[in-house]
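# Observations on chain architecture
These are the residues of each chain, in order.
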Amino acid sequence: MLLAHLPFIASVALGLTFLASGLSKLQDRKGFVLGVLEYQVLPLRLAILYGQILPFIEVLCGLVLILGVSPTMVGLISAALLLSFSIAVAITLARKRQLECHCFGPKKGERLGWITLVRLGILLTFSTIVIRGRGAGFLAPIPAEWLPAPLLALG
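Summarised in this report is the structure supplied together with it. (Residues numbered from 1 in each chain as written. Predicted model: local features only at pLDDT ≥ 70, side-chain atom pairs only at ≥ 80, totals over all residues. Heavy atoms only, no water.)

### Comments concerning helix 3 (residues 44-67)
Taking 1.5 Å of rise per residue, the 24 residues of helix 3 would be expected to cover 34 Å, and the 35 Å separating its terminal C-alpha atoms lies within 8% of that figure. Along helix 3, the sharpest change in direction is near 35° and occurs at Ile 53; proline Pro 55 comes one to four residues later. Listed as buried for helix 3 are Ala 47, Gly 51, Leu 54, Pro 55, Glu 58, Val 59, Cys 61, Gly 62, Leu 65 and Ile 66. (Helix = DSSP H or I, 4+ residues; strand = E, 2+ residues; numbered from the N terminus. Expected span 1.5 Å × (residues − 1). Bend = angle between axes of the 7 residues up to and from the residue. Buried < 20%, exposed > 50% of the residue type's maximum accessible area, 1.4 Å probe, protein only.)

Okay, structure coming up:
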């Protein structure tokens, strides 16, 4: 029964994560751009551009995932974003640099660590489920036993 709801749960959970992340970054756009620059993974101009547009992409992806529109395409975009985050975190950890995550904006105060990579791996798994299961947000047909799925997704 849970497997039938997995695409819905993955779409909504991933969507809520992206929405919360993007909205928190938009509260301090300049601080987030500085956080991206602090990673020193991208060339300067690309890092600035990435930091400026990423929050908007995250909000858009989050909304689209929650609604269930174009799940394969937005699943691929979310997977690409999560892969880029994972690469940046892995490079930073390999360099043994102690940086803030900036996952939910510049003022959250969480340090990067291996647990960050584990979380990103879980979210990447959700993206794969969305892609393979063709997602199922709130505009997609909701499973017959709909109540457990939204509760699990929100959890």
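### Details of the state of the cysteines
Counted under the stated rule, the structure contains one disulfide. Bridging Cys 101 to Cys 103, the disulfide has an S-S length of 1.7 Å. Residue Cys 101 is classed as buried on the basis of its relative accessible area, which comes to 6%. Note on Cys 103: relative accessible area 27%, which makes it partly exposed. (Disulfide = S-S within 2.5 Å.)

### A short note on the environment of Cys 101
Here Cys 101 shows up in the loop between helix 4 (71-94) and helix 5 (114-133). C-alpha of Cys 101 to C-alpha of Gly 35: the two residues are 66 residues apart in sequence and 8.3 Å apart in space. Aside from chain neighbours lying at most four places away, what touches Cys 101 is Tyr 39, Glu 110, Arg 111, Leu 112 and Thr 116. (Contact = heavy atoms within 4.5 Å.)

### Some words on unusual backbone geometry
One non-glycine residue, Gln 40, lies in the positive phi region at around 55°. Positive phi outside glycine occurs at Lys 96, with the angle close to 60°. Using a relative accessible area of 70% as the deciding quantity, one classes Lys 96 as exposed.

### Comments concerning the pattern of salt bridges
Following the criterion strictly, the structure yields two salt bridges and no others. Glu 58 is the salt-bridge partner of Lys 25, the closest N and O atoms lying 2.9 Å from each other. Taken together, the residues span a long stretch of sequence, with Lys 25 in helix 1 (residues 2-26) and Glu 58 in helix 3 at a distance of 33 residues. For the residue pair Lys 25 and Glu 58, the accessibility class agrees, reading buried in each case. The salt bridge involving Glu 100 is made with Arg 111; its shortest N-O contact spans 3.4 Å. (Salt bridge = Lys/Arg side-chain N within 4 Å of Asp/Glu carboxyl O.)

### Quick notes on the environment of His 102
Note on placement: His 102 falls in the loop between helix 4 and helix 5. Overall, His 102 belongs to the buried group, its relative accessible area being 10%. Sequence-wise, His 102 and Phe 32 are 70 residues apart; in three dimensions their C-alpha atoms are separated by 6.9 Å. Excluding residues that lie within four positions of it along the chain, His 102 makes contacts with Lys 25, Phe 32, Gly 35, Glu 38 and Tyr 39.

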